[in-house]
Amino acid sequence: MTGLEAIAHHNGWAIAAVGISIVFTGLTVLSIIISQLHKVLTFWDERKTHYERLKDRWQKEELPDFALAQDIEESARQFRLLTDRLGEHFPLPKLLELAQKCGLAHPHSAMNDLLITKRIVPDGKGYFVWNK
Amino acid sequence: MENIIDLLTKFVSNTGFAMADYRYVIMIVIGMIFIYLGIAKQYEPLLLVPIGFGILVGNIPVFKGLGLGIYESNSVLHYLYFGVTAGVYPPLIFLGIGAMTDFSTMLARPLLMLLGAAAQMGIFLTFLGALALGFAPNEAGAIGIIGGADGPTAIFLTAKLAPNLIGPIAVAAYSYMALVPVIQPPIMKLLTSREERLIRMEEPRVVSKQEKIIFPVVGFLLCCFLAPAALPLLGMLFFGNLLKEAVVTERLAVAARSAIIDSVTILLGLTVGASTQADVFLKYDSVLIFVLGAAAFGVATASGVIFAKIMNLFLKAKINPLLGAAGVSAVPDSARVVQHVGQQEDPTNFLLMHAMAPNVSGVIGSAIGAGILWSFMADRM
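Note that the structure is predicted; figures quoted are calculated from it, not measured.

What counts as what
Residues numbered from 1 in each chain as written. Chains lettered and ligands numbered in written order. Predicted model: local features only at pLDDT ≥ 70, side-chain atom pairs only at ≥ 80, totals over all residues. Helix = DSSP H or I, 4+ residues; strand = E, 2+ residues; numbered from the N terminus. Rg over C-alpha atoms; globule rule 2.2 N^0.38 Å. Buried ≥ 20, exposed ≤ 12 C-beta atoms within 10 Å, placed from the backbone. Contact = placed C-beta atoms within 7 Å. Core = buried A, V, L, I, M, F, W, Y, C linked by C-beta atoms within 7 Å. pLDDT = per-residue confidence, 0-100. Domains from an automatic or database assignment. Expected span 1.5 Å × (residues − 1). Nonpolar A, V, L, I, M, F, W, Y, C, P; charged D, E, K, R; others polar. Axes fitted to C-alpha atoms, helices over the stretch in contact; angles between N-to-C directions. Parallel < 35°, antiparallel > 145°, perpendicular 65-115°, else oblique. Left-handed = near helix turned anticlockwise from the far one by under 90°. Arc of directions from axis to C-beta.

**With respect to the overall build of chain B**
Item 1. Secondary structure summary: chain B contains 21 helices and zero strands in total.
Item 2. The C-alpha atoms of chain B give 22 Å as radius of gyration, which agrees with the globular expectation for 381 residues (21 Å, within 12%).
Item 3. Along the longest, intermediate and shortest principal axes, the C-alpha atoms of chain B span 90 × 45 × 40 Å.
Item 4. With 381 residues in all, chain B has 56% of them scored as buried.
Item 5. Pairs at least 24 apart in sequence give 75% of the contacts found in chain B among residues at least 6 apart.

What follows is the structure, encoded as structure tokens:
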């Protein structure tokens, strides 16, 4: 048997296609691994530096919480002065308007922080009160 | 007086002159051509000279039964030939190649490894060609590996798949490897424009010692998990390279790349040459194998060059498509050919270093290809 018939009979097309695919896959995967190898080694060599950097970052990430806590306390103090004029039960739009008029910094986000941290809570009647 | 004449007649009839026919003369001429090409033209002299002389050794007509011929089970040559038929010599040669090879350029630019993969198309297209010409699948697999342009791999796979074809396949593989400077340039020029041949490659980055040490371990594990049948060849190749790069095993590396590879090359070349006895070698199949071998080298070269051109369609920093021709694993000859053809266009363009990347990846690719064919054909024998 010869010619294309022989190739088909011996499953030649499939063997050739699978064979070249495996060679390509092998060398492609190897080339990808090699291309990343020096980066992995550089990372490993500088692992102490990276660890120090991460440690610094974690410490820095903790600071904003502290700073935020301080900011919220300050916002709460300022908003409490404003609500003294509005009474114990106050509407939020009015409080916001007053905060804007008095020139408080970032009144929307500051009020949002107070709501999220539940310092200001709804009284169940459409107004808000300070959470005691 | 009659006794003397009888003795003389018997002696004369037992001499090579009396037993030789035209086939032995043809083979002896071929052996001489190999020796000439090796010494005068310096085409792969370390291979062609032992093989050429081996052809002379194998084609001295000998009296059958005296234990002289390589195919006689009690002959010295037969014992030496055991290293070929049992697949002992090729892995030892790979050990030496590994201990000689510097994979730096490949590690610096791994993308070029794909050219080594593309050139292996030659193996599988030749396999199809051999099937189409009526060879059995195991023989077609052994013939196809000539397209890998790697002598030890060709011998190793042929010993496993079709031991009866070792002589013609080994001689074809080594002949065409030696003729790489003749076969490749016309194909390379035909498939590339002058502008493409003038492309200069970027300087490769410096590769650290750590990378060079880790590579043989990672490469071995990955390749052999993917194609376990390539274990004898790739295992030794990467082991040899680890010996070289580890520095602390320098003595072993020196032994592998000098004493071991030299001894094995002598034994391999001589016995492969001797296996080409005229009555075994000069057959119609051998002619077909030589035709397919030439086609295999041409297809492998063209595949590499064309794939490099395809890669250039997607790359910002273009690569010189001549490098694709180095994907055939005739180390380092095909890389030298790339350098030579590149410098014909621009004498200041140095491509040799870059061509070594696809060249050595071609060695890995052809060993994987051999492993794949072996595993596919093992149940068909």
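**What about the overall build of chain A?**
Item 1. Counting its secondary structure elements, chain A contains five helices and two strands.
Item 2. Here the C-alpha radius of gyration of chain A, 34 Å, is well above what a compact globule of 132 residues would show, namely 14 Å.
Item 3. With respect to the three principal axes, the spread of C-alpha positions in chain A is 105 × 40 × 25 Å.
Item 4. Counting the 132 residues in chain A, one finds 18% classified as buried.

**Regarding the nonpolar core**
Item 1. With 143 residues, the main nonpolar core has Ile169(B), Ala230(B), Leu234(B), Leu323(B) and Val338(B) as its most contacted residues.
Item 2. Of all the elements, helix α21 (residues 352-377) of chain B adds the most residues to this core, at 14 residues.
Item 3. Beyond its immediate stretch of four places on either side in the chain, Ile169(B) contacts Ala142(B), Ile143(B), Ile146(B), Ala154(B), Thr158(B) and Ile289(B).
Item 4. Leu95(A), Ala110(A), Ile120(A) and Phe128(A) belong to the second-largest nonpolar core, a separate cluster that totals eight residues.

**Side note on the confidence of the model for chain A**
Item 1. When pLDDT is averaged along chain A, the result is 85; 92% of the residues meet or exceed 70.
Item 2. The weakest mean pLDDT in chain A belongs to helix α3 (residues 47-86) of chain A at 78; the strongest belongs to helix α2 (residues 12-45) of chain A at 92.

**Thoughts on the domain arrangement of chain A**
Item 1. Its domain assignment divides chain A into domain 1 (1-45) and domain 2 (57-132).
Item 2. Computed over C-alpha atoms, the centres of domain 1 of chain A and domain 2 of chain A are 64 Å apart.

**Observations concerning the environment of Leu114(A)**
All names here are of chain A.
Item 1. As for its position among the elements, Leu114 is in helix α5 (residues 107-116).
Item 2. When the 21 C-beta atoms within 10 Å are taken as the criterion, Leu114 is described as buried.
Item 3. With 16 residues separating them in the primary sequence, Leu114 and Trp130 have C-alpha atoms 9.6 Å apart.
Item 4. When neighbours within four sequence positions are excluded, Leu114 is seen to be in contact with Ile72, Ser75, Ala76, Phe79, Arg119 and Ile120.

**Re helix α4 (residues 45-58) of chain B**
Because an α-helix completes one turn every 3.6 residues, residues spaced three or four positions apart along the sequence face the same direction.
All names here are of chain B.
Item 1. For α4, with 14 residues, the first-to-last C-alpha span of 19 Å sits near the 20 Å given by 1.5 Å per residue.
Item 2. Restricting attention to buried positions, one finds in α4 the residues Leu47, Leu48, Val49, Pro50, Ile51, Gly52, Phe53, Gly54, Ile55 and Gly58.
Item 3. Next to the buried residues of α4 lie α3 (22-39), α11 (151-161), α12 (166-178) and α17 (250-274).

**As for the interface of chain B and chain A**
Item 1. On the chain A side, the residues contacting the 36 residues of chain B number 27 residues.
Item 2. Among the secondary structure elements, those contributing two or more residues to the side of chain B that touches chain A are α8 (113-118), α9 (121-132), α15 (209-226) and α21 of chain B.
Item 3. The element that contributes the greatest number of residues to the side of chain B that touches chain A is α15(B), accounting for nine residues.
Item 4. Per-class residue counts for the side of chain B that touches chain A are 26 nonpolar, nine polar and one charged.

**Side note on the packing of α3(B) against α4(B)**
Residues and elements named next belong to chain B.
Item 1. Running from N to C, α3 and α4 point in directions that differ by 160°, and their axes come no closer than 8 Å. The orientation of α3 with respect to α4, classified from their angle, is roughly antiparallel. Remark: the crossing between α3 and α4 carries left-handed chirality. Across the interface between the two elements, Met27, Ile28, Ile30, Gly31, Met32, Phe34, Ile35, Leu37, Gly38 and Ile39 from α3 touch Pro45, Leu48, Val49, Ile51, Gly52, Phe53, Ile55 and Leu56 from α4.
Item 2. Partitioned by chemical class, the residues of the contact of α3 with α4 number 15 nonpolar, three polar and no charged.

**Remarks on the environment of Arg194(B)**
Item 1. One can find Arg194(B) in helix α14 (residues 194-197).
Item 2. When the C-alpha positions of Arg194(B) and Asn312(B) are compared, they lie 15 Å apart, and in sequence the two are 118 residues distant.

**Section: α5(A)**
All names here are of chain A.
Item 1. Among all positions of α5, only Pro107, Ala110 and Leu114 are buried. What you see down the axis of α5 is that its buried residues fit within an arc of 70°, all on one side. Opposite the buried face of α5, by more than 90 degrees, sit the exposed residues His108, Ser109, Asn112 and Ile116.
Item 2. Just downstream of α5, Lys118 is the residue with a positive phi angle, here 60°.

**What to know about the packing of α11(B) against α21(B)**
Residue and element names in this part refer to chain B.
Item 1. Viewed as axis vectors pointing N to C, α11 and α21 meet at an angle of 5°, and their least axial separation amounts to 10 Å. Here α11 lies roughly parallel to α21, going by the angle between them. Listed contacts from α21 to Thr153, Phe156, Leu157, Lys160 and Leu161 of α11 are Ser366, Ala367, Ala370, Leu373, Trp374 and Met377.
Item 2. Here the residues of the contact of α11 with α21 sort into eight nonpolar, two polar and one charged.

**Some details on the environment of Trp374(B)**
Residue and element names in this part refer to chain B.
Item 1. Looking at where Trp374 falls in the secondary structure, it is placed in helix α21.
Item 2. C-alpha of Trp374 to C-alpha of Gly141: the two residues are 233 residues apart in sequence and 7.8 Å apart in space.
Item 3. Those residues within four positions of Trp374 in sequence are excluded, and the remaining contacts are Leu157, Lys160, Leu161 and Ala229.

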